[in-house]
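Notes for the structure review
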Amino acid sequence: MYLPTYHRLDNRDALYGLIDAHPLGTWVCRGADGLIANHIPFVLDRQAGPDGTLLGHVARANPVSQQWDATAASVVTFLGPQAYITPGWYPGKAEHGRVVPTWNYVATHVHGVARVIDDGERLLDVLERLTQAQEAGRPAPWRVADAPADFVRRLMEGIVGIEIPIERIEGRLKASQDEAPADRQGTVDGLRARGHNADHAVADLVENAMRNHP
């Protein structure tokens, strides 16, 4: 992705943390008739491979299960908090008027070659990992083993496991780093006052960037 120096997110823990917090990835790979895109929840296995491995599954009826090129690189994108930024929040609008809208966000791109998981035990392990990642913290977490074993086996026949060993990971934190200090503070104040969707989370990103890169 396009990565200006001041937007580059290199902290590995932050990149992995974004995947953990926003696990619904957009997987783009090459198929028989061009690129194929699918939205898939992933779980990150930090211990598998030098840089970790993404684990997930798709429906066997999904054309990607038959078409993806198992030798070609693919990419999975994960998008964290994001918000529209109006120049109406900038003191610079009244001072000189040389301001325009923008969009703040944080995103991670994972590159690697996807492989099929066709072993039943390994696929079951993927399902258990995906479930545990989302059920953790609930008073009574649901487990795959809570469902009848024959029911689970029947459903497993309709899915294909995928693993993507991470060959390259990159991130972009676009949090008003290139704006004037007063306009950055105006962005924080405006986001908190608006309070839509992820506005408070994006305001936190901008404040953290102000502290780390004044």
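Before reading on, note that the structure itself is shown above.
In this text, all values refer to a predicted model and were calculated from it rather than measured experimentally. (Residues numbered from 1 in each chain as written. Predicted model: local features only at pLDDT ≥ 70, side-chain atom pairs only at ≥ 80, totals over all residues. Heavy atoms only, no water.)

1. Notes on the layout of surface pockets
Approximately 160 Å³ is the volume attributed to the largest pocket. In terms of lining residues, the largest pocket is bounded by Leu9, Ala14, Gly17, Leu18, His22, Pro81, Val106, Leu173 and Leu205. Top contributing element to the lining of the largest pocket by residue count: helix H1 (residues 12–21), with three residues. Of the residues contributing to the lining of the largest pocket, the split by class is seven nonpolar, two polar and no charged. (1 Å grid on protein atoms, 1.4 Å probe; cavity = no way out; pocket = protein on both sides within 12 Å on 5 of 7 lines; lining within 4 Å. Points joined across faces, edges and corners; volume = space filled by probe spheres on them. Helix = DSSP H or I, 4+ residues; strand = E, 2+ residues; numbered from the N terminus. Nonpolar A, V, L, I, M, F, W, Y, C, P; charged D, E, K, R; others polar.)

2. Overview of the nonpolar core
Of all hydrophobic cores here, the largest spans 38 residues; its most connected members are Trp27, Phe42, Leu54 and Phe78. Core analysis: the next-biggest nonpolar cluster, separate from the first, contains twelve residues, Leu55, Leu123, Met156 and Ile159 among them. (Core = buried A, V, L, I, M, F, W, Y, C linked by side-chain atoms within 4.5 Å. Buried < 20%, exposed > 50% of the residue type's maximum accessible area, 1.4 Å probe, protein only.)

3. Some details on the sheet that holds strand S9 (residues 159–165)
Sheet architecture is open: four strands sit in the order S4-S5-S9-S8, paired in antiparallel fashion. Strands at the two margins of the open sheet, each flanked by one partner only, are strand S4 (43–45) and strand S8 (115–117). For this sheet, the mean inter-axis angle between neighbouring strands, taken without regard to orientation, is 35 degrees. In this structure, S4 lies alongside strand S5 (residues 53–59), joined through three bridges in antiparallel fashion. By the bridge assignment, Leu44 is partnered in S5 with Leu54. (Pairing = 2+ DSSP bridges. Axes fitted to C-alpha atoms, helices over the stretch in contact; angles between N-to-C directions.)

4. A few points about the side chain of Asp199
Counting through the fold element by element, Asp199 comes out in helix H7 (residues 199–212). Classification of Asp199 as buried rests on a relative accessible area of 2%. Beyond its immediate sequence surroundings of up to four residues, Asp199 is in contact with Ala83, Leu191 and Arg194. (Contact = heavy atoms within 4.5 Å.)

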